[in-house]
Amino acid sequence: MRETKWNFPSDEKLIPVHELPDPFCRPDGSRIAGAEEWPEQREYLKAMLSHYMYGQIPPAPEQVRGEIVSSKRLYEGRAIEDTVRLTFCPGEGKEQLAMHVRVTRPAITGKVPVITWNQGEGGSPCPIEEQLVCDREYAIAEFNREELAPDSRKLFKGPLAAAYPEYDWGAIAMWGWCHSRVIDYLEQTDYADPEKMVATGHSRGGKAALCAAIYDERIALCAANGSGCGGAGCFRYLGSSRGEGTGLCETAKGIAKMFPYWWNPRFRKIKNCECFPFDLHFVRALIAPRAVITTDGLGDTWSNPYGTRLTHQAAGEVFRFLGVEEKNALHMREGGHDYLENDWQAAADFCDQIFFGKKQIAEKE
């Protein structure tokens, strides 16, 4: 496992902090004063999240190769669907790994934004695919996150864990890392705009998309849906849309017990989330000065709507500090824990606003 240049306190020396930790606070306790200091501070906070939550993440493999194994026309010829097999070698003496990507793109010349989308086994189709691809002219690169990293305790016997045994990362980081391998391939195509890469996902996939955007700065925008605890929610403050302390929300301790393989060993041993020197507003803030939108259902109490609003507001301090307040967006709709047409429309509107300056209807609170 790679060492960081920062020494974080051992678990027994962590002191409970009831309020949200300060993302501007340096390791020595002082605060950064100008935007020019943010890049170094950001590296410190990234290392903090790796240390306490995600685990250490391997570097990119030397080369990712893509082979189109099938291709067809969709939507009366206005779109092209490619099934692509990606291959890469984790390192000298290691076996080659492979994953598949379904790319649906407009049948036009020129470069377009691409939405990389992690899904689980048997994932649902995008409800606005035709509009998004043919009318808005975005490509969608969809992949099965479980192909290389099973969503079960078998994860540690899966292809990625076996290829990188020296790293203590969990499934969320592995799935996020797969977004980056898809981008490695897309950069080699003649249709993907490298300045307009997007990462998206729903629920645990939303957590993975946020992780991808933190550690891969090629991702210009993250659109996470229903990501909740370990995503865009909050560890310390919980509640439904009616306010703090209402409803039953997923907790850090609960998610560590139910899905220990999503996280690194330190997170799995969690006893009190208030001992963490961070909260989930750091997740949003670490994407700045790039863009992030989270979409959620007001009725999705398990995902902590109250905490999601709170972390959006708290991370907003970092976006304002960097002069990009408009790049931190939140969209809430009626309903529960699904990735619905309304969510996709809001995310697409926000992409249009950020990439093309179009003023759309994505709510920002």
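Scroll up to find the structure.
The rules behind these values
- Residues numbered from 1 in each chain as written.
- Predicted model: local features only at pLDDT ≥ 70, side-chain atom pairs only at ≥ 80, totals over all residues.
- Heavy atoms only, no water.
- Axes fitted to C-alpha atoms, helices over the stretch in contact; angles between N-to-C directions.
- Helix = DSSP H or I, 4+ residues; strand = E, 2+ residues; numbered from the N terminus.
- Left-handed = near helix turned anticlockwise from the far one by under 90°.
- Contact = heavy atoms within 4.5 Å.
- Nonpolar A, V, L, I, M, F, W, Y, C, P; charged D, E, K, R; others polar.
- Disulfide = S-S within 2.5 Å.
- Buried < 20%, exposed > 50% of the residue type's maximum accessible area, 1.4 Å probe, protein only.
- Salt bridge = Lys/Arg side-chain N within 4 Å of Asp/Glu carboxyl O.
- Pairing = 2+ DSSP bridges.

Undergrad: Looking at this structure, I do not really get the packing of helix α1 (residues 38-54) against helix α5 (residues 204-215). What am I missing?
TA: Helix-helix packing is described using two parameters, namely the angle between the two axes and the distance between the axes. Contact pair α1 / α5: the axes reach a minimum separation of 11 Å and the direction vectors enclose 140°. As α1 packs across α5, the resulting crossing turns out to be left-handed. Residue-level contacts link R42, K46, L49, S50 and Y54 of α1 to C211, A213, I214 and Y215 of α5. Split into classes, the residues belonging to the contact of α1 with α5 amount to six nonpolar, one polar and two charged.

Undergrad: What is the right way to look at the state of the cysteines in this model?
TA: The bond known as a disulfide is covalent and runs between the sulfur atoms of two cysteines. In this structure the tally under the stated criterion is zero disulfides. Unpaired in this structure, C229 has its nearest cysteine sulfur neighbour in C273, at a distance of 8.1 Å. For C229, a relative accessible area of 3% puts it in the buried group. Not part of a disulfide, C234 finds its nearest cysteine sulfur in C273, a span of 8.0 Å.

Undergrad: Is there a simple way to explain the pattern of salt bridges in this structure?
TA: A full pass over the atoms with the stated rule returns 25 salt bridges. With a shortest N-O distance of 3.1 Å, D82 and R105 are connected by a salt bridge. Taken together, the residues span a long stretch of sequence, with D82 in strand β2 (residues 79-88) and R105 in strand β3 (residues 97-106) at a distance of 23 residues. Of the charged contacts, one joins D352 and R136 as a salt bridge, the two residues approaching to 2.8 Å between their closest N and O atoms.

Undergrad: Just checking my understanding: could you explain unusual backbone geometry for this structure?
TA: Glycine aside, a negative phi is what most residues show, and trans is what most peptide bonds show. Cis geometry is adopted by the peptide bond preceding P289, which originates at A288 and carries an omega value of 10°. Relative to the elements of secondary structure, P289 occurs in the loop between α8 (281-285) and β10 (291-297). You will see that Y75, though not glycine, has its phi angle at about 50°, which is positive. Inspection of the secondary structure assignment puts Y75 in the loop between β1 (64-74) and β2. Notably, E76 is not glycine yet its phi reads approximately 55°, a positive angle. Position of E76 relative to the elements: it lies in the loop between β1 and β2. Among the residues examined, E76 registers a relative accessible area of 82% and is labelled exposed.

Undergrad: Before we go on, may I ask you to explain the sheet that holds strand β11 (residues 328-333) in this structure?
TA: Whenever strands of a sheet pair, they do so through backbone hydrogen bonds, lying parallel or antiparallel. The sheet built from nine strands is open, its strands ordered β1-β2-β3-β5-β4-β6-β7-β10-β11 with mixed pairing. The open sheet has two free edges, formed respectively by β1 and β11, since each of these has just one partner strand. For this sheet the average axis-to-axis angle between neighbouring strands, irrespective of direction, equals 20°. Across five bridges, strand β7 (residues 219-225) lies against β10 in parallel orientation. If you follow A224 over to β10, its bridge partner there is T294. Seen against the sheet, helix α9 (residues 305-321) touches β10 and β11 and runs at an angle of roughly 165° to β11. The sheet contacts of helix α10 (residues 341-356) involve β4 (112-119), β6 (192-202), β7, β10 and β11, and relative to β10 the element is tilted by about 165°.

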